[in-house]
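Given next are the chains, with one letter for each unit.
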Amino acid sequence: MSLPIAILFCIITMLGWGSWANTQKLAGKEKWPFELFYWDYAIGVFLFSLVFATLGGTFAVGPAAIPALISGAIFNLANILLVVSIDAAGMSVAFPVGIGLALVIGTVESYVETPKGNPSLLFAGVALIVFAMIMSAASRQTVGKNRVRGLIFSIIAGCIMGLFYPQLMRHRT
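Residues numbered from 1 in each chain as written. Predicted model: local features only at pLDDT ≥ 70, side-chain atom pairs only at ≥ 80, totals over all residues. Heavy atoms only, no water.

## Re the confidence of the model for the protein chain
For the protein chain, the average pLDDT comes to 79, and 82% of its residues sit at 70 or higher. Within the protein chain, the lowest mean pLDDT, 71, falls on helix 2 (residues 19–27), and the highest, 90, falls on helix 6 (residues 119–138). (pLDDT = per-residue confidence, 0-100. Helix = DSSP H or I, 4+ residues; strand = E, 2+ residues; numbered from the N terminus.)

## Notes on the side chain of serine 71
You can see serine 71 is positioned in helix 4 (residues 65–89). Serine 71 has contacts with Phe164, Gln167 and Leu168, leaving out every residue within four places of it along the chain. (Contact = heavy atoms within 4.5 Å.)

## Here's the deal with the packing of aromatic side chains
Across all of its chains, the model carries two aromatic pairs by this definition. Where phenylalanine 75 meets phenylalanine 164, the ring centres are 4.9 Å apart and the plane angle is 50 degrees; that geometry is what we call tilted. Taken together, the residues phenylalanine 75 in helix 4 and phenylalanine 164 in helix 8 (residues 164–170) connect sequence positions 89 residues apart. When the ring of tyrosine 111 is compared with that of phenylalanine 123, the centres are 5.4 Å apart and the planes differ by 90 degrees; the resulting orientation is edge-to-face. You can see tyrosine 111 sitting in helix 5 (residues 91–113) and its partner phenylalanine 123 sitting in helix 6, a full 12 residues away along the chain. On the accessibility criterion, tyrosine 111 (18% relative accessible area) is buried. Exposure remark for phenylalanine 123: the relative accessible area of 33% places this residue in the partly exposed category. (Phe/Tyr/Trp six-rings, centres within 6.5 Å; stacked < 30°, edge-to-face > 60°. Buried < 20%, exposed > 50% of the residue type's maximum accessible area, 1.4 Å probe, protein only.)

## Details of helix 6
Given a rise of 1.5 Å per residue, 20 residues ought to cover 28 Å, and the 28 Å separating the end C-alpha atoms of helix 6 matches this to within 8%. Among the residues of helix 6, Val126, Met133 and Ser136 are the ones counted as buried. The arc that holds the buried residues of helix 6, viewed along the axis, is 80 degrees, so those residues lie on one side. Opposite the packed face of helix 6, turned more than 90 degrees from it, sit the exposed residues Ser120, Leu121, Leu128, Phe131 and Ile134. Taken together, the buried residues of helix 6 touch helix 5. (Expected span 1.5 Å × (residues − 1). Arc of directions from axis to C-beta.)

## Examining the packing of helix 5 against helix 6
One way to put it is that helix 5 packs onto helix 6 with a least axis distance of 9 Å and a crossing angle of 155 degrees. Judged by the angle between their axes, helix 5 and helix 6 are roughly antiparallel. Remark: the crossing between helix 5 and helix 6 carries left-handed chirality. Residues Ser92, Val93, Pro96, Val97, Gly100, Leu101, Leu103, Val104, Thr107, Val108 and Tyr111 of helix 5 form the contact with helix 6, whose own contacting residues are Pro119, Leu122, Phe123, Val126, Ile129, Val130, Met133, Ser136 and Ala137. Of the residues contributing to the contact of helix 5 with helix 6, the split by class is 16 nonpolar, four polar and no charged. (Axes fitted to C-alpha atoms, helices over the stretch in contact; angles between N-to-C directions. Parallel < 35°, antiparallel > 145°, perpendicular 65-115°, else oblique. Left-handed = near helix turned anticlockwise from the far one by under 90°. Nonpolar A, V, L, I, M, F, W, Y, C, P; charged D, E, K, R; others polar.)

## Quick word on the environment of methionine 169
Among the structural elements, methionine 169 can be located in helix 8. In this structure the C-alpha to C-alpha distance between methionine 169 and alanine 68, which are 101 residues apart in sequence, comes to 9.5 Å.

## Focus: a nonpolar patch on the surface
Side chains of Trp32, Leu36, Trp39, Ile43, Phe46, Leu47 and Leu69 sit close together on the surface and give an oily, nonpolar patch of about 690 Å² of accessible area. The biggest single contributor to the nonpolar patch is helix 3 (residues 34–56), with five residues. Structurally, leucine 69 is set in helix 4. (Patch = residues over 30% accessible without salt bridge, like charges linked within 9 Å, V, L, I, M, F, W, Y side chains within 5 Å. Areas by Shrake-Rupley, 256 points an atom, 1.4 Å probe, with all protein chains shown as cover. Salt bridge = Lys/Arg side-chain N within 4 Å of Asp/Glu carboxyl O.)

Below, the structure written as structure tokens:
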């Protein structure tokens, strides 16, 4: 794939990034719970991808497709848990903790597998991310029993999401 096509797809991805959250708002939270809406969205995107892959004639049903499917399943499971944690603890607490933990796990695992770059700078950045996660988790923005439930789900989501990228890169062909 050429650089201009990759950049074009990045722009398209950024435009559609929040599409599931925006369409959920249109559907109404009372009629369709936040975390269940993501299930339907993920299934729809998967089916849409199958249709486009089949129409393009490049659909691979074999050993090469299995790692990508596993990585997609890991990513979507983590996103579902992250959506549950956002619903319970709020975006400002759950998102930094879940995504920060995923970034830390993915960075450490990737560095252990393929040590590239300056480890001092890399792990100083990881330490800053951990500090930011702790500060977000300690914030008093969400009060009550749902805050603890949301933090637990965001930690689980972050641990699972941290495995997504290394899993995908490990099985690249």
